[in-house]
Amino acid sequence: MNHDDLRIWSKRAADWAHDYHATLRDRPVRAPLIPGAIARQLPEVPPEAPEPIEAIFGDFARIVPPGLTHWQHPRFFAYFPANASPASMLAEQLANAIAAQGMLWQTSPAVTEIEQVMIDWLRQALGLAEGFTGTIHDSATTATLSAILTMREQALDWAGLTEGLSSQPRLRLYASAETHSSIDKAVRIAGIGQSNLVKIPTDASLSMRPEALDAAITADLAAGFQPIGVVLCAGGTSVGAFDRMGACIAVAKSHGLPVHVDAAWAGSAMICPEFRTLWDGVDGADSIVFNPHKWLGAQFDCAVQFLRDPTPQVKTLGLRPTYLETAGREEVVNFNEWTVPLGRRFRALKLWFTLRAYGLEGLRARIRNHVTWSRELAAALAELPGVSIVTHPSLSLFTFALQDDAATEALLARINGDGRVYLTQTRHQGRYVIRVQIGQFDCTQEDVCMVEQVVRAFL
Ligand SMILES: *Cc1c(COP(=O)(O)O)cnc(C)c1O
């Protein structure tokens, strides 16, 4: 295959994509879960001779779709969305064609400079204070790891980078019980250790209790431990919990600790001014992550980290061997120094296309619809016999359950076996509950109503 073939086949691929998206509503949302069903259709050994692209494309069209859970299906209500606007798909196509590696400014000035402008567009769009800069990571997990590594090194005055952690005091990090498992993963990888992640109890509104945070830090200091920072949750994955930013940040600052906010899902909603009360006080944070790839239409992967001051993170993650020195241009930003990987894709392009093709108004309209439809659906489900709403909509996420866990689990299995909609589960305060989140880019009100019809049919 050469570039002339690519020209033909990329048009074929675009046609295939159009048909795929046009027929999504007719397909079951979740893949049939038959282990090995796809792998069995591939040869066990790699090909020695080149194969014609017709054969490869044909096998793709035959083998792959039946093994897909359709994340862009308008009735995908599971997990959180990984929604992808058509404009962002187009941008990804162009980024793929360019295939630039933007590790340094000079390895493609457009990659770095458009990323800088997109970070500032998004800062304004979310209503964050001037002065935040930032960068794009592959995932919120990596952004959070970067923030926690930075907290570690700030606390150790950068001794950990050179000496390791074996002679250091016991480091302690604080987060609420509602925070995502990526915080647990980060403390493990960062050498802090799971047992030094202190989960602070939450109150009835599911916010971390600020006075409990204060007490935990004070007790750790008395025990000779070294607190390094606080991670706050703005829209938890399980049921959409929010920590009270202002009060929790005030406690952290009173102990001189930096704060990282995980708004991976809910951050996108902050383009609507009316939702910003949910994270009042967030401007006091040092680092904030949100995933435009979840709810803003910039397709996976795209995680934005805002930084109050990039210096500590660059001091932690930046390395400049001679072969990465940039010819006499110290004023330029080399984003590899802000992130864990060296190489970086041109992720800003899909933000540029998406923000322009829909405008903030178009994106706000979608998010507002999702929130409204979520409230309407929760109200409709509450009318059904035996159904109780366990957590009320936090933005567009709520949970419901039947009388007992076994009945709820059986209902979920029937719903997902049916295929018209796809829902997932979580455990909330010990109870097995079904999660409903609305956020798919092309989802309509009729698609949302289908959830009520399917639940009613299987009660
Ligand atoms: C989805 C999610 C994450 C993890 O996001 P990745 O980009 O997949 O690493 C972290 N925190 C919260 C609150 C999330 O919803």
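That block above? That's the structure.
Numbers given to residues run from 1 along each chain, matching the order in which its sequence is written. Selection of residues for local features in this predicted model requires a pLDDT of at least 70, selection of side-chain atom pairs for listing and counting requires 80 or more, and totals for whole chains, interfaces and linings are taken over all residues. Side-chain numbers come from the whole structure's heavy atoms, not from hydrogens or water.

A. Summary view of the packing of helix α5 (residues 140-155) against helix α7 (residues 181-189). Two numbers describe how α5 lies on α7: the axes approach to 9 Å, and their chain directions differ by 45°. The angle between α5 and α7 places the two elements in the oblique class. The crossing of α5 and α7 is right-handed. Along its contact with α5, which presents Thr141, Thr144, Leu145 and Ile148, the element α7 presents Ser182, Ile183, Lys185, Ala186 and Ile189. The classification used treats Ala, Val, Leu, Ile, Met, Phe, Trp, Tyr, Cys and Pro as nonpolar, Asp, Glu, Lys and Arg as charged, and all other residues, Gly among them, as polar. Looking at the contact of α5 with α7 residue by residue, the class counts come to five nonpolar, three polar and one charged. In this analysis, axes come from line fits to C-alpha atoms, helices being fitted only over the stretch in contact, and the angle between any two N-to-C directions falls in the range 0 to 180 degrees. The way it works is that DSSP assigns letters per residue, a run of H or I at least four long becomes a helix, a run of E at least two long becomes a strand, and they are numbered from the N terminus. Between 65 and 115 degrees an angle is taken as roughly perpendicular, under 35 as roughly parallel, over 145 as roughly antiparallel, and anywhere else as oblique. In this scheme, a crossing is called left-handed if the near helix is turned counterclockwise away from the far one by less than a right angle; it is called right-handed if the turn is clockwise. The contact criterion used is simple: two residues touch if any of their non-hydrogen atoms lie within 4.5 Å.

B. Main features of helix α13 (residues 405-418). Here, expected helix span is obtained from the residue count minus one, scaled by 1.5 Å. The terminal C-alpha atoms of α13 lie 20 Å apart, and with 14 residues this matches the ideal 20 Å at 1.5 Å per residue to within 8%. A 1.4 Å probe rolled over the protein chains alone gives each residue an accessible area, and that area as a share of the maximum for its type sets the label: buried under 20%, exposed over 50%, partly exposed in between. Within the sequence span of α13, burial applies to Thr408, Leu411, Leu412, Ile415 and Asn416. Buried residues along α13 cover an arc of 125° about the axis, so they all sit on one side. Facing away from the buried side of α13 by over 90 degrees, the exposed positions are Ala406, Ala413 and Gly417. Directions are taken from the helix axis to each C-beta atom, and the arc is the one they span.

C. Structural context of the site of the ligand. Any residue with a heavy atom positioned within 4 Å of a molecule or strand is treated as near that molecule or strand. Around the ligand, 14 residues are found, and the nearest of them are Ala140, Thr141, Asp262, Asn291 and Lys294. Aspartate 262 is positioned such that a nitrogen or oxygen atom in its side chain is 2.6 Å from a nitrogen atom of the ligand. A 3.5 Å cut-off defines polar contacts: any pair of N or O atoms within that distance qualifies, except that in protein one atom must be a possible hydrogen donor and the other a possible acceptor, and neighbouring residues in sequence count only when both atoms are side-chain atoms. Residue lysine 294 places a side-chain N or O atom 2.8 Å away from an oxygen atom belonging to the ligand. With the chains in place, 87% of the 390 Å² that the ligand exposes on its own is no longer accessible. Taken atom by atom, the bulk of the ligand overlaps the second largest pocket. Throughout, the Shrake-Rupley method with a 1.4 Å probe supplies accessible areas, and for residues the shown protein chains are the sole cover considered. Lining residues are defined by having an atom within 4 Å of a point belonging to a cavity or pocket. Those points lie on a 1 Å grid over the protein atoms alone, cavities being sets where a 1.4 Å probe fits but cannot get out and pockets being open sets with protein on both sides within 12 Å along at least five of seven lines. To qualify as sitting in a cavity or pocket, a molecule needs more than half of its atoms within 2 Å of the grid points.

D. Geometry of empty space enclosed by the protein. Grid points are joined across faces, edges and corners, and a volume is the space filled by probe spheres set on the points. Counted according to the given criterion, the structure contains one cavity of 30 Å³ or more. A volume near 50 Å³ is recorded for the largest cavity. As for the largest cavity, its lining consists of Asn83, Trp295, Leu296, Leu363, Arg366, Ile367, His370 and Phe441. It is helix α12 (residues 348-382) that provides the largest number of residues to the lining of the largest cavity, a total of four residues. Split by residue class, the lining of the largest cavity holds five nonpolar, two polar and one charged.

E. How the structure looks around the sheet that holds strand β9 (residues 397-401). Here, a strand pair is defined by DSSP locating no fewer than two bridges between the strands. Read across the sheet, four strands follow the order β8-β9-β11-β10 without closing on themselves; strand pairing throughout is antiparallel. One side of each edge strand has no neighbouring strand; the edge strands of this open sheet are β8 (388-394) and β10 (424-428). Mean inter-strand twist for the sheet, computed between neighbouring axes without regard to direction, equals 30°. Sheet topology note: the β8/β9 ladder contains four bridges and is antiparallel. Bridging from a neighbouring strand, isoleucine 389 pairs with phenylalanine 400 of β9.

F. Examining the pattern of salt bridges more closely. Salt bridge, as applied in this entry: a Lys or Arg side-chain nitrogen positioned within 4 Å of an Asp or Glu carboxyl oxygen. Counted under the stated rule, the structure contains 22 salt bridges. Note that aspartate 120 and arginine 123 form a salt bridge whose closest N and O atoms lie 2.8 Å from each other. Within this pair, aspartate 120 and its partner arginine 123 are both found in helix α4 (residues 109-125), separated by three residues, close to a single helical turn. You can call aspartate 120 partly exposed: its relative accessible area is 30%. When its relative accessible area of 8% is taken as the criterion, arginine 123 is described as buried. The residue aspartate 405 makes a salt bridge to arginine 427 at a minimum N-O spacing of 3.2 Å. With aspartate 405 in helix α13 and arginine 427 in strand β10, this pair connects stretches of sequence that are 22 residues apart. What makes aspartate 405 partly exposed here is its relative accessible area of 27%. The partly exposed category is assigned to arginine 427, whose relative accessible area is 49%.

G. Up close: unusual backbone geometry. Residue aspartate 301 is reached from phenylalanine 300 by a cis peptide bond, and omega for that bond is 5°. In this fold, aspartate 301 is placed in the loop between α10 (292-295) and β7 (303-307). The residue leucine 206 is not glycine, and still its phi comes out positive at about 70°. Tracing the backbone shows leucine 206 in the loop between β3 (197-200) and α8 (210-222). Of the residues examined, leucine 206 reaches a relative accessible area of 13% and is grouped as buried. Even without glycine at this site, glutamine 429 takes up a positive phi of about 45°. Counting through the fold element by element, glutamine 429 comes out in the loop between β10 and β11 (431-437).

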